Amino acid sequence: MRKPLMRIPYTGPLPPPIIIPRYANTPAGARHALTRFLTAAEAYKGERRSPGHDPTKAVLLTGAGISVASGLADYRGTGGTYTLNRTYRPIYYHEFVTDHEARKRYWARSFLGWTTLHKARPNAAHMSVKALGEMGFINSVITQNVDSFHSMAHPDLPTIELHGYLRALVCIHCHSQLPRSEFQKSLSILNPQWTAFLEEMLATGALDSENPAERRAKGLKSNPDGDVDVPDASYTTFRYPACPTCLAHPPKLEDGTRARVEVDSDGAWSPRSTAGVLKPAVVMFGESIASNIKTAAEEAIDNAGRILVIGSSLATYSAWRLVKQAKERNMPIGILNLGGVRGEDSFFSDLGPSNDGEMGIRCNESADKLLPMVVEDLKGSHMPDTGGIHRTLNVGNSEVVKS
Ligand SMILES: [Zn+2]
């Protein structure tokens, strides 16, 4: 079995976006091409790869770009975290697991950001994915996002959350899970000064933006590391709760001895403990993707006839490799992303000028605008078929004859 993939940030420069077919450089052209892509009858001509393989359906691979219209920042877009905060560095798994101080800092920042995330909702792009699933154009979704918007928007369409989810915490010792909303309440009780500050910042609207200048203007100051300066409250004093399961029943350690789980008088985890550390149920940088999730994602690729990437620059290797796998299977590849995509040339290099979208599409449009239009066009059509039946699709003002 291959080694599970490690999640590490990709920092290389991205190429400028390419556009395929050439007319897909306008919203109307992209709409036409994406509709062709999703309805092409002859997506995959090879042999059946797995019992669940349906060559007429697409698998979606989504990234942060699909959630921008829900008010969340992406990483490399114009309002992205990495773009606005050049010094931003995510926490690494080994730091989180080994360093109490790093965890305090992580949870303090997360405490301030959670309300915004918690209030955010799926947008028109997620709802379009639901519609595409119901109409039979896609059979599964793989997402790099940890916001759970896909499972909220379309609970019945199989969705693989490649990097986990923020809606829960998992104990690194006993592996039991805890809802994040419950954990947030504990953080709030353990850190009254931060709670007062959070309420103040929610009232000024400072947390609605990732832009440091806008935040500063509304009273939220940050230091060069991107840490928020909370008056009279230092990161070193931030407290977080222990895993309730470990606290009630301390687990056995690897050496066979019983772990020690201690809390202060308010229930905050004590650094004298040897277990009971909760972590967000996401795959952190430097942490491996669980092998069952990795296998499920590979199977989802093998069960589809084409792949459509939405809102991802494929900067993480795990996502890039899934598209490479699709390429190796000769599957048509579609990419809908604002801005360049890692190694995108290689995905389209063999497409000739006769491609009208059915063999591949690359466009530079926002998903929440384009996908609802494509859904509108597809509503009048039938399931993709494998026969040579002529059908007409209404695409914008033009009528396209599909054969
Ligand atoms: Zn535990």
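The shown structure was predicted, so the numbers you read here are calculated from the model rather than taken from an experiment.

1. Describing the UniProt feature "active site" (unreviewed entry) in the protein
Taking the numbering used here, the UniProt-annotated feature "active site" (unreviewed entry) corresponds to His 163. Given 22 C-beta atoms within 10 Å, His 163 falls into the buried group.

2. Comments concerning helix α5 (residues 124–134)
Every buried residue of α5 is accounted for by Ala 125, His 126, Ser 128, Val 129, Lys 130, Leu 132 and Gly 133. The secondary structure elements touched by the buried residues of α5 are β1 (54–62), β2 (138–143), α6 (149–153), β7 (304–310) and α14 (367–379). Phi turns positive, to about 90 degrees, at Gly 136, one or two residues after α5.

3. A few points about the sheet that holds β7
What the 6 strands build is an open sheet, ordered β3-β2-β1-β7-β8-β9; its pairing is parallel. Two strands close off the open sheet at either side, each with one partner strand: β3 (159–161) and β9 (360–363). This sheet shows a mean twist of 15 degrees between the axes of neighbouring strands, independent of strand direction. Strand direction decides the pairing type here: strand β8 (residues 333–336) and β9, joined by 4 bridges, are parallel. Each residue of the ladder has a partner; that of Ile 333, found in β9, is Gly 360. Sitting on the sheet, helix α11 (residues 291–302) is in contact with β1, β2, β3 and β7, with an inclination near 140 degrees to β3.

4. Looking at the sheet that holds strand β6 (residues 278–282)
Reading across the sheet, the 3 strands line up as β5-β4-β6 and stay open at both edges, with antiparallel pairing between neighbours. A single partner strand is all that each edge strand has here, and the edge strands are β5 (177–179) and β6. Put simply, the sheet's adjacent strands are angled 40 degrees from each other on average, direction ignored. Taken together, the 3 bridges between strand β4 (residues 164–171) and β5 define a ladder with antiparallel strand orientation. Of the residues in β5, the one forming a bridge with Ala 168 is Pro 179.

Calculation notes
- Going along each chain's sequence as written, the residues are numbered from 1 onward.
- Per-residue local features are limited, in this predicted model, to residues with pLDDT of at least 70; the limit for side-chain atom pairs, both in listing and counting, is 80 or more; totals at the level of whole chains, interfaces and linings are taken over all residues.
- UniProt positions are given in the numbering used here, feature names are shortened, and annotations may be inferred rather than shown by experiment.
- As a rule, residues whose C-beta atom has 12 or fewer other C-beta atoms within 10 Å are exposed, those with 20 or more are buried, and those in between are partly exposed; C-beta atoms are placed from the backbone.
- A run of DSSP states H or I qualifies as a helix once it reaches four residues; a run of E qualifies as a strand once it reaches two. Both are numbered from the N-terminal end.
- Once C-beta atoms have been placed from the backbone, residue pairs whose C-beta atoms lie within 7 Å are recorded as contacts.
- Strand pairing is defined by DSSP finding a minimum of two bridges between the two strands.
- Angles here are taken between N-to-C directions and fall from 0 to 180 degrees, while the axes themselves are lines fitted to C-alpha atoms, restricted in helices to the stretch in contact.

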